[in-house]
Amino acid sequence: MTPIDLEAMAASVPDGALIALPPDNSLPSVALAKALIRRGARDLRLVGVPVSGFATDILIGAGCVAAVQTSAVSLGEAGFAPRFTAALKAGKLSITDATCPAIHTMLQAAEKGVPFMPLRGIIGSDILANRPDWKVIQSPFDSGEKIVVLPALHPDIAVFHGVMADSHGNVYVGRRRECGTIAHASRRALVTVERVVEGNFLEDERLAPGTINATYISAFAVAERGARPAALLDDYGFDAAYVAAYARAGKTEAGFAEWCAEHVFEARAVAAE
Amino acid sequence: MTPIDLEAMAASVPDGALIALPPDNSLPSVALAKALIRRGARDLRLVGVPVSGFATDILIGAGCVAAVQTSAVSLGEAGFAPRFTAALKAGKLSITDATCPAIHTMLQAAEKGVPFMPLRGIIGSDILANRPDWKVIQSPFDSGEKIVVLPALHPDIAVFHGVMADSHGNVYVGRRRECGTIAHASRRALVTVERVVEGNFLEDERLAPGTINATYISAFAVAERGARPAALLDDYGFDAAYVAAYARAGKTEAGFAEWCAEHVFEARAVAAE
Amino acid sequence: MSYRPEELLAVTLAKLIRAVPTRHIAVGAASPVPAAACWLAVKQGEPVRLSLLHKRTGNPFTEGTRELFDLTGQGRVDLFFLGGGQIDGQANLNLIGTGEWPGREVRFPGSFGSAFMYFMTGRTILFREEHSPRVLVDKVAHISAPGISEPGVYRRGHAQALVTGRCVFAFHPDRGRFSLASVHPGETVEGVREMTGFAFDVDGEVPQTPAPTEEELALLRGSVCDEMMETYPEFCSRVFDRKLAA
Amino acid sequence: MSYRPEELLAVTLAKLIRAVPTRHIAVGAASPVPAAACWLAVKQGEPVRLSLLHKRTGNPFTEGTRELFDLTGQGRVDLFFLGGGQIDGQANLNLIGTGEWPGREVRFPGSFGSAFMYFMTGRTILFREEHSPRVLVDKVAHISAPGISEPGVYRRGHAQALVTGRCVFAFHPDRGRFSLASVHPGETVEGVREMTGFAFDVDGEVPQTPAPTEEELALLRGSVCDEMMETYPEFCSRVFDRKLAA
């Protein structure tokens, strides 16, 4: 398996795709999110695993997103996600609220190839009242217990940023195992990485535990600092100043457009020179 | 957290305990199995995760075991497990047959704190006919589909052999993540390790993905070559000759007794000198 | 000895932690005051394990972000902290928003894991510094996580208390109501009643929330602050006047 | 050119693999002949991924032993091999034992994952070298994994074929029966019928299983053997006369 170009990867994502994205503390591919903006993707349906952050907000701001399913949308310390909030207010975005372990459970059901899984809690929450696709049943093992069952969630595409890929297309994500779960649960996985290295991570007992087998990887592209402003394990830290600046710019549509011109379009043009 | 003595660890296992054991390809603590024989444990109920091997056979041979729940009992290349086969024939052992993913699913239900989980397949197998604790329901999401639901399985004690423990009691098992699942699902986890090292594996991004957090570890003991004859990742290989010799000795009760005297009792006495 | 409001709150939370045997507490990132309270309890000798969820080095989880929820499902988390855009008199939490669903008026970030954690932890301490009728309402606009549950719904625990910038409420799941446990120095029962949108019980004389002792303040400003510098540098600088070495 | 029975079987299995588009095959440890067949298909240019379950170096799984079953649940395993202590005419498998449950007469090791894999892989090739009325029975004593399923039971695939030391049977899930596809050199239809405990269909003239070509044998003894030396040294030595370098 050999790396493909980042823009070609973005071009392979069809409009309307259901895309699973980890949040800012869990290896989001901000690089691919920016490439999707450049390609002018439309009507994407995003799933936050289990919440949504920076990458989701910029995709919404750029008009790429029709719907979000998530347990929260936030820029963390930098506060509310401005383009999400604006799009919701303007009625331009559909949001389906979940709660964190429900997202994990729906993906794990897909991972295991079962049509549903149960989860405790949730009953009495208005989240359930607004999820006609979630059901309450009597536990088959205790007729006295009511329990929520959640349908398997199969994203079309898992998108995340790994540390590195090897010659076989295996991808190292370290302890961020939720990236593995979304790759398992999704029909395709598009992954950006910092670098490609020779060898086979599966043959190295120290790397194997943090590796996602190439079986699940549809394609990978090299994108240095591809998680930025999110952190990448111990490679680089969270860029709080970058996110804070974005949060300020994103307060208005014009501010976002300017931010986007500089950080999504110009930055790429410079890099391509 | 500081290591305890192996014999003290065995003494902390009560007769009748429900014990989850990984098989020969997955870090069994043969050291603790032998210590349980030395302490004269009785009426243990073993769970093979998802199958059973050498450690289970010697515990059965020594009369420590009342019941086994597993998907298979085998010595691999060395053939049938002799003391298991003999005990079953003699009516001295109760076996509850499962199938591999069912064991994983029941433990994952316990891991997630749900009372049950569904699993496809199984319907039409006589395994199901002999499991009154497994049920068939109509899928809540497709009235046309019948599906098996399995109850959560909470072992009293998880037993396995890790590569190393750190100063905090975190245990490194590398890619053998099923050890994590059985630790999560069990009330206690008793772990033997090759060695104890300074530091905190959770702070090392290269070790963290293969580490089980000390939260789940009740106690650990140092037992060099504690998985032998099973392999330990890339530390040491499978000792096929040792298992083959055992398989021959175990064919008769007398042969087993002799093997046991030499390999379980004398070996320890020598080591203790 | 003078102290900052956050120090009073941390000391007050630490007392609630120590009031019940507690083996394991999980703390979210946006919660520096609860984190300070947990560290204070530890430094006071409480044998409690802390899992700090967003700690970058030494993050406790190696099974991905689902591990916190699995751990809690297993019954291994004795205490968790929750807040809410709105909290009502039945201890219902609203992290969704106001106006028509899903928050057409004001949209909050979302429920995070609250609709699960509130049921499955041994107990929850509710914490919200802002104490106003805007936050503490009679009925939340939307329930992201309910304060009590009907029979037949598995529930391991409830709110132990609600700590605000003005007072401490104890929660009584049996009657689904708060009672006023103490008012912070400078506050009165009437003042609290005025600023609270829900009805609550007052049983006899309401004591004042004890001010931090010198010992508590020394721990907070010393070894507690040491532990918190990596994850909460801004908080440590603001509250404890401690700056990261350049 | 002379060849060993295992070589005929490997070549025959490789033909069955290549007869259907196949992206991914999982192979268990106790199966050197199927493993050889898979490697042969790869060396013949079939673009198929192999997951060799008990391979020690480069073991494909990093999620523990459940990953194979999850992977199969996801529909990512197109082909798996199964055997059985008994196999009957409806392609039911018995890996449990004979006599009263759970095998009071002869106890086999157990079902392993068969009660799941047989349903959830794209297709299964049944392989058992011993072809006798003891193994190929009319009705298995106990069904560990059923050959066909009633409506309403999710099932992704069935047996494609049963390959034995004497012949190849094709399986027809629609009618729940085997038909004789070919007999190995030296065997006859009558001989096979005599040694088979179940009834099967014979549609017209039954061809002979083609002997391995020189090309196939060269691949088996060369690059296929190279790949198999680490996991199956004993098999490589016995069948291909290849010894591990000391």
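All figures in this text were calculated on a predicted structure; none of them were measured in a lab.

Peer 1: Outline the pattern of salt bridges, supporting the account with residue identities and numerical values.
Peer 2: Counting across every chain of the model gives 62 salt bridges over all chains. For R175(D), the salt bridge identified is with D203(D), shortest N-O distance 3.9 Å. Here R175(D) is found in the loop between β11 (167–172) and β12 (177–183), whereas its partner D203(D) is found in the loop between α5 (189–195) and α6 (214–228), with 28 residues between them in sequence. By relative accessible area, which is 39% here, R175(D) ends up partly exposed. Residue D203(D) is classed as exposed on the basis of its relative accessible area, which comes to 52%. Three or more residues joined by partner-sharing salt bridges are found here, namely E111(A), K112(A), R177(A), E63(D), R66(D) and D70(D).

Peer 1: Give me the lowdown on the interface of chain C and chain A, citing residues and values where you can.
Peer 2: Facing 36 residues of chain C, the contacting portion of chain A comprises 44 residues. Across the chain C to chain A interface the summed buried area is about 3,300 Å²; carbon plus sulfur atoms make up 56%. Put simply, chain C and chain A have two salt bridges between them. For the pair chain C and chain A, the number of links is 20 residue pairs in polar contact (both at pLDDT 80 or more). A per-element tally of the side of chain C that touches chain A places helix α4 (residues 114–120) of chain C first, with five residues. Split into classes, the residues belonging to the side of chain C that touches chain A amount to 17 nonpolar, 12 polar and seven charged.

Peer 1: Kindly report on the pairing of strand β6 (residues 135–139) of chain B, identifying the contributing residues and their values.
Peer 2: Sheet analysis places β6(B) next to strand β7 (residues 142–151) of chain B, joined by five bridges and oriented antiparallel. Residue pairing across strands places V136(B) opposite V148(B), the latter belonging to β7(B).

Peer 1: Any details on the sheet that holds strand β7 (residues 142–151) of chain A? Residues and values, ideally.
Peer 2: All names here are of chain A. With antiparallel pairing, the three strands of this open sheet are ordered in space as β5-β7-β6. The sheet is open, and its two borders are formed by β5 (116–119) and β6 (135–139), each paired with just one other strand. Shown here is a sheet whose adjacent strand axes are inclined to one another by a mean of 45 degrees, direction ignored. Pairing geometry for β5 and β7, over four bridges, is antiparallel. Residue pairing in the sheet places M117 in a bridge with L150 of β7. Sheet strands touched by helix α5 (residues 100–112): β5 and β7. Its angle to β5, the strand with the most contacts, is close to 150 degrees.

Peer 1: Quick one: what's the story with helix α1 (residues 5–18) of chain C, residue by residue and with numbers?
Peer 2: Taking 1.5 Å as the rise per residue, α1(C) with 14 residues should run 20 Å; its terminal C-alpha atoms sit 20 Å apart, in good agreement. Looking at α1(C), one finds that the buried residues are E6(C), E7(C), L8(C), L9(C), A10(C), V11(C), T12(C), L13(C), A14(C), L16(C) and I17(C).

Peer 1: Let's hear about the interface of chain A and chain B: which residues, and what values?
Peer 2: The interface is formed by 35 residues belonging to chain A together with 35 residues belonging to chain B. A combined buried area of about 3,300 Å² lies between chain A and chain B, and 63% of that area is made up of carbon and sulfur atoms. Inspection of the chain A/chain B interface yields 10 residue pairs in polar contact (both at pLDDT 80 or more). Contributing elements (two or more residues each) for the side of chain A that touches chain B: α5, β5, β6 and β7 of chain A. With five residues, β7(A) is the largest single contributor of residues to the side of chain A that touches chain B. Its residues placed into classes, the side of chain A that touches chain B shows 19 nonpolar, six polar and 10 charged.

Peer 1: Account for the packing of helix α5 (residues 100–112) of chain B against helix α7 (residues 178–185) of chain B, naming residues and giving values.
Peer 2: Residues and elements named next belong to chain B. Where α5 meets α7, the axes come as close as 8 Å, and the angle between the chain directions of the two elements is 55 degrees. Judged by the angle between their axes, α5 and α7 are oblique. Two packed elements cross with a definite hand, and for α5 against α7 that hand is left-handed. Between α5, through L107, Q108, A110 and E111, and α7, the contact on the second element is made entirely by T181, I182, H184 and A185.

Analysis parameters
- Residues numbered from 1 in each chain as written.
- Chains lettered and ligands numbered in written order.
- Predicted model: local features only at pLDDT ≥ 70, side-chain atom pairs only at ≥ 80, totals over all residues.
- Heavy atoms only, no water.
- Salt bridge = Lys/Arg side-chain N within 4 Å of Asp/Glu carboxyl O.
- Helix = DSSP H or I, 4+ residues; strand = E, 2+ residues; numbered from the N terminus.
- Buried < 20%, exposed > 50% of the residue type's maximum accessible area, 1.4 Å probe, protein only.
- Contact = heavy atoms within 4.5 Å.
- Buried area = accessible area lost by both parts, 1.4 Å probe.
- Polar contact = N/O pair within 3.5 Å; in protein donor to acceptor, adjacent residues only side chain to side chain.
- Nonpolar A, V, L, I, M, F, W, Y, C, P; charged D, E, K, R; others polar.
- Pairing = 2+ DSSP bridges.
- Axes fitted to C-alpha atoms, helices over the stretch in contact; angles between N-to-C directions.
- Expected span 1.5 Å × (residues − 1).
- Parallel < 35°, antiparallel > 145°, perpendicular 65-115°, else oblique.
- Left-handed = near helix turned anticlockwise from the far one by under 90°.

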